[in-house]
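Residue strings, one per chain:
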Amino acid sequence: MYLALNNKSPFYQLIYFREGKRTSVSTGSANKKEAEKFLSSFNPGSREVIKTKKTSITLSRFVSEYKTYVGNTYSQKYLIKAVTPSFNRLQAFLSDMSIEQITSRDIDQFISSVFAKSKFAASLYHRTLKAAFNKAVVWNYIQENPFSKIKSPKVTNSFPVYITEAELILILNKTENQLYKDIFTTAFYTGLRLGEILNMKWNWIDFSQDVITVKNSDEFKTKTKRERIIPIHPKVKTILKRLLPLCKQKSNNLVFYHIVGIKLNEGYISKCFKKAVRSAKLDDKIHFHSLRHSFASALVQRSVSLYAVKELLGHENIKTTQIYSHLQRENLSQAVNSL
């Protein structure tokens, strides 16, 4: 048996072998001396030791370990927008008890209290925290997930908001800054997420094959951690060709920027887009992500298969892409006419 650190947890892991298989258990401490004490008292054949280990993990310590795991495994956006607020709300509701003491009744009351104020927040917290406590089961901190017996709150599923090419032109006409016009146009004709556009570098662009390869790097990771290829639309190519002479031929330079080497702020760009939408007197439900929906919607309405759209958008699961299936009007009409 020995101690080791990895990039998935701030705590020392105890490594041992059971029936020839390498097994690990968290010591629950980032302090080496405390971890060594755990090592000296640990008996692989003793369930009592493992039980003691479980009850020693407080909610706050688990949150710290899980956030580190998420930060190394998933996108920063998921950590900031979902994991952190979910745990903040749970910690405000519960005392800092051992996570093994958290019951399904506690979770039911917690979700109900959130649902009374926001059904969408309740749904987000439920699925986010359920995934977190599933990991606690895997890590041998608890035997059963307290969320497993609590149903996810039902929320109304609405169709994604999208705009037409004519509406895009109205928005562009209300946008004075040419850089922002270029970003809005690129989003509409590529389906790229805002973070992907603002992190795009010239080494993503291949004019010989007219494709953009969304790449991972030390500074940027895609939402799914997978790279994907997007064909360059003629209107996007025109923008890129115009910007190319300004990049000083450095392949690792950002494509869109105010100051060389400094990434534009996502929140600011979103607000600029929203301002243009309102100036154009369009539906206030339209936001920057609607440009991505518009790309997908336009493809589906042109009879492009959902599986092709899935690959272009970089969805992990076809179920995510199926939110656009209602736009396959020709297929739906054929189905009804066949009766």
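A.B. asks: Can you lay out the overall build of the chain for me, pointing to particular residues and giving the numbers?
C.D. replies: Helix and strand counts for the chain come out as 15 helices and six strands. Oriented by its inertia axes, the alpha-carbon framework of the chain measures out at about 70 × 55 × 40 Å. When burial is assessed residue by residue, the chain has 43% of its 339 residues classed as buried. Taking the contacts inside the chain whose residues are at least 6 apart along the sequence as the reference set, 59% of them involve residues at least 24 apart. Between the mean site of the 53 positive side-chain charges and the mean site of the 26 negative ones, the chain shows a separation of 2 Å.

A.B. asks: Let's hear about the sheet that holds strand E2 (residues 9–18): which residues, and what values?
C.D. replies: Here three strands make up an open sheet; going across it, the order is E1-E2-E3 and the pairing antiparallel. Each edge of the open sheet carries a strand with a single partner, namely strand E1 (2–6) and strand E3 (21–26). Each strand axis lies, on average, 40° off the axis of its neighbour in the sheet, ignoring direction. Direction of pairing for E2 relative to E3: antiparallel, over a ladder of six bridges. When the sheet's bridge partners are listed, Leu14 is paired in E3 with Val25. The strands touched by helix H3 (residues 59–73) are E2 and E3; relative to E2, the strand with the most contacts, the crossing angle is about 85°.

A.B. asks: Report on the pattern of salt bridges, specifying residues and quantitative values.
C.D. replies: Scanning the model with the defined rule gives 12 salt bridges in all. The salt bridge partner of Lys237 is Asp210, with a shortest N-O separation of 3.0 Å. Of this pair, Lys237 sits in helix H10 (residues 234–243) while Asp210 is found in the loop between strand E4 (205–206) and strand E5 (211–214), placing the two residues 27 residues apart along the sequence. Owing to a relative accessible area of 25%, Lys237 belongs among the partly exposed residues under this scheme. On the accessibility criterion, Asp210 (26% relative accessible area) is partly exposed.

A.B. asks: I'd like to hear about the packing of helix H4 (residues 76–93) against helix H5 (residues 104–115), residue by residue, with values.
C.D. replies: Taken N-terminus to C-terminus, the directions of H4 and H5 make an angle of 115°; their axes are 11 Å apart at the nearest point. The orientation of H4 relative to H5 falls into the category roughly perpendicular. Considering only the axes of H4 and H5, their crossing is right-handed. Residue-level inspection shows Ser86, Arg89, Leu90 and Phe93 of H4 in contact with H5, the latter providing Asp106, Ile107, Gln109, Phe110, Ser113 and Val114. For the contact of H4 with H5, a count of residues per class yields five nonpolar, three polar and two charged.

A.B. asks: Please set out the packing of aromatic side chains residue by residue, giving values where relevant.
C.D. replies: Given two aromatic rings, their pairing is described by the distance between the two centres and the angle made by the two planes. Under the counting rule described, the total for this entry stands at 20 aromatic pairs. Here the aromatic rings of Phe110 and Tyr125 are separated by 6.4 Å at their centres, their planes lie at 15°, and the arrangement is stacked. With Phe110 in helix H5 and Tyr125 in helix H6 (residues 119–138), the pair connects residues that are 15 residues apart, well separated along the chain. Residue classification places Phe110 among the buried positions, given a relative accessible area of 1%. Among the residues examined, Tyr125 registers a relative accessible area of 9% and is labelled buried.

A.B. asks: Run through the packing of H5 against H6, naming residues and quoting values.
C.D. replies: Closest axis-to-axis distance for the H5/H6 pair is 7 Å, and the angle between their directions is 150°. Here H6 runs roughly antiparallel to H5, going by the angle between their axes. Contact with H5, carried on its side by Phe110, Ile111, Val114 and Phe115, involves Lys119, Ala121, Ala122, Tyr125, His126 and Leu129 of H6 and no other residues of that element. Residues belonging to the contact of H5 with H6 are distributed by class as follows: eight nonpolar, one polar and one charged.

A.B. asks: How would you sum up the nonpolar core? Please name residues and give values.
C.D. replies: With 53 residues, the main nonpolar core has Ile183, Phe184, Phe256, Ile269, Phe288 and Leu291 as its most contacted residues. Counting only elements with at least two residues in this core, the list comes to helix H7 (165–173), helix H8 (178–190), helix H9 (194–199), E5, H10, helix H11 (266–279), helix H12 (289–301) and helix H13 (306–313). If we ignore the near neighbours within four places in the chain, the residues touching Leu291 are Ile163, Leu168, Phe184, Ala187, Phe188 and Phe273. Formed by 31 residues, the second largest nonpolar core is a distinct cluster that contains Phe62, Val83, Ile102 and Tyr125.

A.B. asks: Describe the sheet that holds strand E6 (residues 228–231), with residues and values.
C.D. replies: Ordered by their spatial adjacency, three strands build an open sheet running E4-E5-E6, and the pairing between neighbours is antiparallel. Only two strands of the sheet have a single partner each, and these edge strands are E4 and E6. Strand direction decides the pairing type here: E5 and E6, joined by four bridges, are antiparallel. In the strand pairing of E6, Thr213 is matched with Ile229.

A.B. asks: Residue-level account of unusual backbone geometry, with values.
C.D. replies: Leaving glycine aside, a negative phi is the common case for residues, and trans is the common case for peptide bonds. A positive phi angle, close to 60°, is found at Lys281, a residue other than glycine. Relative to the assigned elements, Lys281 resides in the loop between H11 and H12.

Conventions and cut-offs
- Residues numbered from 1 in each chain as written.
- Predicted model: local features only at pLDDT ≥ 70, side-chain atom pairs only at ≥ 80, totals over all residues.
- Heavy atoms only, no water.
- Helix = DSSP H or I, 4+ residues; strand = E, 2+ residues; numbered from the N terminus.
- Buried < 20%, exposed > 50% of the residue type's maximum accessible area, 1.4 Å probe, protein only.
- Contact = heavy atoms within 4.5 Å.
- Lys, Arg positive; Asp, Glu negative; His and termini not counted.
- Charge placed at Lys NZ, Arg CZ, Asp CG, Glu CD.
- Pairing = 2+ DSSP bridges.
- Axes fitted to C-alpha atoms, helices over the stretch in contact; angles between N-to-C directions.
- Salt bridge = Lys/Arg side-chain N within 4 Å of Asp/Glu carboxyl O.
- Parallel < 35°, antiparallel > 145°, perpendicular 65-115°, else oblique.
- Left-handed = near helix turned anticlockwise from the far one by under 90°.
- Nonpolar A, V, L, I, M, F, W, Y, C, P; charged D, E, K, R; others polar.
- Phe/Tyr/Trp six-rings, centres within 6.5 Å; stacked < 30°, edge-to-face > 60°.
- Core = buried A, V, L, I, M, F, W, Y, C linked by side-chain atoms within 4.5 Å.

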